[in-house]
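Descriptive structure summary
In case you want the letters, here they are:
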Amino acid sequence: MNDQALLSARDYTVQIDGLIERGRYAQAGSLIGEALAHYPQDSGLLFAAARIDYDSGDADGARHTLHQILAHDPDHYLARSLMVNLLQDSGDLPAAELLLIDLLRAYPEAAFQYARYALLMYRTLHIDKAKALAREAYRLDPNNELALTTCLIGDIIDGRRGAEQAGLARLLQGHPESENTARMLITHLVGRGRYRAAKRIAVELLKLYPNSREVLELVVQLDALSHWSMLPLWPLNRWGWIASGGLYLITLLGLNLVRSQAPLFSSLATYTLIGYCLYSWIYPPLLTRWLKRRAGL
Amino acid sequence: MREHLLTPSLSASAAPVRLYSIQSSFLVAFFGGPAASLLYCGLNSWRLRRLADIPVHLAGAALLVALAYLLMYQPARFDGLYQLLGNDVFRALRTMLALAICGTFYALHQKQHRSRAFFSDKPPSPWIAAIVCMVAGYSIMVGLVAALKGMAS
Amino acid sequence: MTITREALEAALVSDPFNIDHRLAYASLLLQAQDAAGALTQFELAARQRPDAASLTGKAQALLALDRDTDALAAYTAARQHRDFAAHGALDQLQQRARPAAGPALSVVGGGAKVVALKPQAPDQVRFADVGGMEDLKKTLRLHIIEPFLRPGLFARFKKSGGGGILLYGPPGCGKTMIARAIASECNAAFVSVGISEVLTMWMGESERNLAQLFDKARAQKPCVLFFDELDALAFSRSKAHSEHSRTIVNEFLSQLDGFERDNRDVLFLAATNMPWDVDQAMKRTGRFARQLFVPPPDAEARRHIVEIKLRDIPVQGIDIDALVAATPHYSGADIDGLIDLAKESTLHDILSGAPERPIGPQDMAVALEQMQPSTIEWLKTARNLVRYAGSDDSYRDVEKYLKQTRFA
């Protein structure tokens, strides 16, 4: 790719990082090959190679390269940090936790790592510890996006609406264009039953990341939730199983009322309710499947 | 640095906790009844190692026994409901108790369910546990009715 | 009513400052093969009123006197003026005067490192060389080429043209080739900034490199400055993690804005496969405000490509119409790949012991089975964008294409 005199390892790293940032993995891979031919032991370049492997889905390749780096430089911060991702992705959460703790002992002011640890604890249902870690991350760096996010997650879990609004406002103020912020906003809106608004945000996210399968799936899900034909199911979508229980009660009382007061309509009422139950059961997955197929998923 | 935060919480020998979904809990309650619901929700309590759920289980069991006893031996208490619901009273009460148990345990485990919703980890497959709980729940109800009849005679 | 030479001479005697008469007189002299006399008159007119007409006339007179360099300088000066109208012979002179080899611009990296930008191709690509795509070519001619060649005409109709244009579309569909063709049609120098140059800018000195780039473009007027893979240089700041990436975009935007005052003879073109990765500020007025979709080649263009690729190789019995119909959404590179596969199939047979034979329909059939157009993923992404996010007209051209081709 480069027809100049030999670049320094640092220059190669800068170029490769730029290509990775832009998602140009093929070009980055080609350049890393050239770079490593000249600087095979440079840990910056090796780390870039691991990143390319990780971002392209080659977890084994990434792991192998990270082990290579850590064999020479066991304290390499970035390599250990990426290793946490790999361990989490492979489901080895205890090992990921231990590595995070090591990182935090080595870098006690790393708000980002505290926030990652908080996320891990949320994932493994250690809620109280997760919230404490999130608070610590926020204390260390109140502007850190992940710290703000983990605090917001804590507020959502606790059901504290006021704090949730405030947390979301902080996130929007500090990181208005971040994908993470958009996702949290979508979560907030879906929790309030505002599916159309959530879909609009998701569509904006799709405009930024049209190649992202995850984002497309989110748009399709929200498209299904906000579809006009799903309007009769809005209470069930909004209040979940509480609404289902309520529906059961209403059905029970309603049917008996109709039977006693207007027996002529008893069959009609029964079939209508059965129809509604079947519709609530069968239609949403069918609609979602159709929308997914239409989107090429 | 807060040292207590840097103590490992996960163990290599024990898998991270995964809860059965609220959807499966609802369906077990609806189709399986209160005993099945108690058993199935108990599985989540056991996975979370929540000792504080034990009194709630005991209360649920007591309510179940009381309901069964009242329906069998003091049906007059439910005259108002009979007028409203006719012959569906038994089924209605059974289902409502089951849903109430399910709802109570959801409220107790709400934070964990909400936390789980942020991640794409799939809940464990509910089929075997649900079927076992429903069969066991049915057996418990049969046994309970037989026991109550035996006590009465 | 044609005024005679004598009448004009008399008119100039009585009113030496009448420019129109002087220009008419100079033109008559030029027609009468008195180039030296015409030059004198045009120079007088230019001294009184330096405008497109007097300077173009001077250039014509100089050309007639075989003073090509001076003619070129005068013609270049004429382009700066409002009423400029192109002159065929002078345009050809300008084209011939382009350097055929060697770097047109260079980007100076840190220290004394000089990175040569892509040199001009010796053979010019013209629109005639781009098969099919008549609608696109018409749009390009109306919105880009003619306003560049005849700014006076468009100014009279108060129609703006030129500025920055962003070509976007699936990979391999000829965006770079079209950019070169635009430069040739505009009789302008073509300077390309590609991924290699961008990589160099990332290493540091990006502000200096960009400034020098734009300075060189000014010095080469008329010039088409083409940024290939614009998403690499102007990556969306909202997605960029590194401060460095954001800084480069800010610098690029300042250079574009600063260039506006002085950019009459510089046309900015850019191309990208990922328009959604280009910073939104790049697409605003004064920068790359116009975005044109370059679709995969249409049937006529594919036929043109197939005919060129099958020329001079042994083929027999290949129904080109059927092949064109069987390759919807194929890019030029895909058709290349398809024909390569067909060649491989033939060669494989021959090397396995079969008698030597030309490429036939069966080889094409085998190739078609194996080949999947590379544009499909891009079109699927675009389809979803149009479906869900098409309300703001960003991808209106794409939507039209998808409807016309019934892309499922």
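Positions within a chain are numbered from 1, following the residues in the order the chain's sequence is written. As a convention, the first chain written is A and the first ligand written is 1, with the rest following in written order. pLDDT decides what is reported in this predicted model: residues at 70 or higher carry local features, side-chain atom pairs at 80 or more are listed and counted, and totals for whole chains, interfaces and linings draw on all residues regardless.

The secondary structure content of chain A amounts to 15 helices and zero strands. As defined in this context, the radius of gyration uses C-alpha atoms, and a globule is described by 2.2 Å times the residue total to the power 0.38. Taking 19 Å as the expected radius of gyration for a compact globule of 297 residues, we find that chain A reaches 25 Å, considerably beyond that expectation. Counting only C-alpha atoms and orienting by the principal axes, one finds that chain A spans roughly 90 × 40 × 35 Å. Across chain A, contacts joining residues at least 24 apart in sequence account for 43% of those joining residues at least 6 apart. The helix and strand labels rest on DSSP assignments: H or I over at least four residues marks a helix, E over at least two residues marks a strand, and numbering proceeds from the N terminus. Throughout, a pair of residues is in contact if the C-beta atoms placed from their backbones lie within 7 Å.

Looking only at helices and strands, chain C has 19 helices and seven strands in total. Think of it as a crowd count around each C-beta: if 20 or more other C-beta atoms lie within 10 Å the residue is buried, if 12 or fewer it is exposed, and in between it is partly exposed, with C-beta placed from the backbone throughout. Going through the 408 residues of chain C one by one, you find that 43% of them count as buried.

The split into domains, and so the bounds of each, comes from an automatic or database assignment of domains. What the domain assignment reports for chain C is domain 1 (5-96), domain 2 (106-293) and domain 3 (299-370). Each partner contributes residues to the interface: domain 2 of chain C has eight residues there, and domain 3 of chain C has eight residues.

What follows covers the interface of chain C and chain A. Counting residues at the interface gives 24 residues for chain C, matched by 22 residues for chain A. Elements with a minimum of two residues in the side of chain C that touches chain A: α10 (195-202), α12 (230-233) and α18 (376-389) of chain C. At six residues, the largest contribution of residues to the side of chain C that touches chain A is made by α18(C). Residues are grouped as follows: Ala, Val, Leu, Ile, Met, Phe, Trp, Tyr, Cys and Pro are nonpolar; Asp, Glu, Lys and Arg are charged; every other residue, Gly included, is polar. Residues that form the side of chain C that touches chain A fall into these classes: 12 nonpolar, seven polar and five charged.

Residues and elements named next belong to chain C. Extensive coverage of strand β3 (residues 164-168) is indicated by the burial of five of its five residues. Because side chains alternate across β3, one face comprises the buried residues G164, L166 and Y168, and the other comprises I165 and L167, equally buried. Should DSSP find at least two bridges between two strands, the strands are taken to pair. As paired strands, β3 and strand β6 (residues 266-272) are joined by five bridges and run parallel to one another. Paired with L167 across the strands is A271, a residue of β6. Two strands pair when backbone bridges link them, and β3 and strand β7 (residues 290-293) are joined in this way by four bridges, in the parallel orientation. Residue I165 lies in a different strand from β7, and its bridge partner there is R290.

Below, the discussion takes up the sheet that holds β3(C). All names here are of chain C. Here five strands make up an open sheet; going across it, the order is β4-β5-β6-β3-β7 and the pairing parallel. Looking along the sheet, the strands with just one partner apiece sit at the ends: β4 (189-193) and β7. When the angles between neighbouring strand axes are averaged without regard to direction, this sheet yields 20°. Only the contacting stretch of a helix is used when fitting its axis, a line to C-alpha atoms as for every element, and angles between N-to-C directions run 0 to 180 degrees.

Moving on, we get to the packing of helix α9 (residues 145-158) of chain A against helix α11 (residues 179-191) of chain A. Residue and element names in this part refer to chain A. Direction vectors running N to C along α9 and α11 enclose 10°, while the axes themselves pass 11 Å from each other. Accordingly, the angle class assigned to the pair α9 and α11 is roughly parallel. For the pair α9 and α11, the contacting residues are E145, T149, L152 and I156 in the first and N180, M184 and T187 in the second. Note on angle classes: values under 35 degrees are labelled roughly parallel, values over 145 roughly antiparallel, values of 65 to 115 roughly perpendicular, and the remainder oblique.

Attention now goes to unusual backbone geometry. A positive phi is found at B:R49, a non-glycine position, where the angle reads about 55°. Mapped onto the secondary structure, B:R49 falls in the loop between α2 (34-48) and α3 (54-73). Non-glycine residue C:N187 carries a positive phi angle of around 50°. For C:N187, the location among the structural elements is in the loop between α9 (175-185) and β4. Among the residues examined, C:N187 registers 21 C-beta atoms within 10 Å and is labelled buried.

Between chain A and chain B, the residue contacts involve 30 residues of the former and 29 residues of the latter. Those elements that place two or more of their residues in the side of chain A that touches chain B are α6 (93-106), α7 (111-123), α8 (127-140), α9 and α14 (234-261) of chain A. The residue inventory of the side of chain A that touches chain B, partitioned by class, reads 19 nonpolar, five polar and six charged.

Residue and element names in this part refer to chain A. Between its first and last C-alpha atoms helix α5 (residues 77-89) spans 19 Å; for 13 residues at 1.5 Å apiece the expected length is 18 Å, and the two agree. The secondary structure elements touched by the buried residues of α5 are α3 (43-55), α4 (59-72), α6 and α7. One or two steps after α5, the chain reaches G91, where phi turns positive at roughly 90°. Expected helix span is computed as 1.5 Å times (number of residues minus one).

Once that is clear, we can look at α9(A). In a regular helix each residue adds 1.5 Å, so 14 residues correspond to 20 Å; α9(A) covers 20 Å between its end C-alpha atoms and thus fits that length. Across the 14 residues of α9(A), 11 count as buried, placing the element largely inside the fold. All of the buried residues in α9(A) are A:L146, A:A147, A:L148, A:T149, A:T150, A:C151, A:L152, A:I153, A:G154, A:I156 and A:I157. Close packing links the buried residues of α9(A) with α7, α8, α10 (161-174) and α11 of chain A together with α6 (110-117) of chain B. A positive phi of about 75° marks A:G159, the residue just after α9(A).

This paragraph deals with the arrangement of the chains. When the two pairs of chains in contact are compared, the highest contact count belongs to chains A and B. For chain B and chain C, which are not in contact, the least C-alpha distance works out to 23 Å.

Let us look at the nonpolar core. Counting 162 residues, the largest nonpolar core has A:A118, A:A202, A:L206, A:V219, C:I182, C:V224 and C:L269 as its most contacted members. A total of nine residues in this core trace back to one element, the largest contributor, which is α7(A). Counting residues domain by domain, this core receives three or more from each of domain 2 (106-293) and domain 3 (299-370) of chain C. Contact partners of C:L269, with chain neighbours within four places excluded, come to C:I165, C:L167, C:A179, C:I182, C:V224 and C:F226. With 24 residues, the next largest nonpolar core counts B:F26, B:A35, B:Y106 and B:A130 among its residues. Note on terminology: a nonpolar core is any set of buried Ala, Val, Leu, Ile, Met, Phe, Trp, Tyr and Cys residues joined through C-beta atoms within 7 Å.

This part is about the packing of helix α3 (residues 35-48) of chain C against helix α4 (residues 52-64) of chain C. Residues and elements named next belong to chain C. Packing of α3 against α4 leaves a shortest axis separation of 8 Å and a crossing angle of 155°. Between α3 and α4, the angle is such that the two are roughly antiparallel. Every pair of crossing elements has a handedness; the one defined by α3 and α4 is left-handed. When α3 is examined against α4, the residues A35, A38, L39, F42, E43, A45 and A46 are found in contact with a partner set consisting of S54, L55, G57, K58, A61, L62 and A64. Looking at side-chain class alone, the contact of α3 with α4 contains 10 nonpolar, two polar and two charged residues. Handedness of each helix crossing follows the sense of rotation of the near helix against the far helix: counterclockwise by less than a right angle gives left-handed, clockwise gives right-handed.

Residue and element names in this part refer to chain C. Relative to the helices and strands, S54 resides in helix α4. What makes S54 buried here is the crowd of 26 C-beta atoms within 10 Å. Separated by 225 residues in sequence, S54 and D279 have C-alpha atoms that sit 43 Å apart. What S54 contacts, discounting residues up to four positions off in sequence, is L23, F42, A45, A46 and R49.

All names here are of chain C. Looking at where L338 falls in the secondary structure, it is placed in helix α16 (residues 332-351). Here L338 falls in the buried class, since 22 other C-beta atoms lie within 10 Å of it. Separated by 15 residues in the primary sequence, L338 and L323 place their C-alpha atoms 10 Å from one another. Once you skip the residues sitting within four places of it in the chain, L338 turns out to touch T327, Y330, A367, L368 and M371.

Now for the confidence of the model for chain C. Residues and elements named next belong to chain C. pLDDT is defined as a per-residue confidence score from the predictor, taking values between 0 and 100. Taken residue by residue, chain C gives an average pLDDT of 82. The fraction at 70 or more is 88%. Long-range and interchain partners of residues 99-122, a stretch whose pLDDT sits below 50, account for 56 contacts in this model, where long-range means more than four residues apart. At the level of chain-chain contacts, confidence expressed as ipTM amounts to 0.87, with global pTM at 0.78.

Take B:S115: it is sitting in helix α6. Look past the residues within four positions of B:S115 in its chain and what remains in contact with it is A:Y122, A:L125, A:I127 and A:I157.

Quick look at the confidence of the model for chain A now. When the pLDDT values of chain A are averaged, the result is 92; 98% of them are 70 or greater. Within chain A, no element has a lower average pLDDT than α14(A), which sits at 86, and none a higher one than α7(A), at 97.

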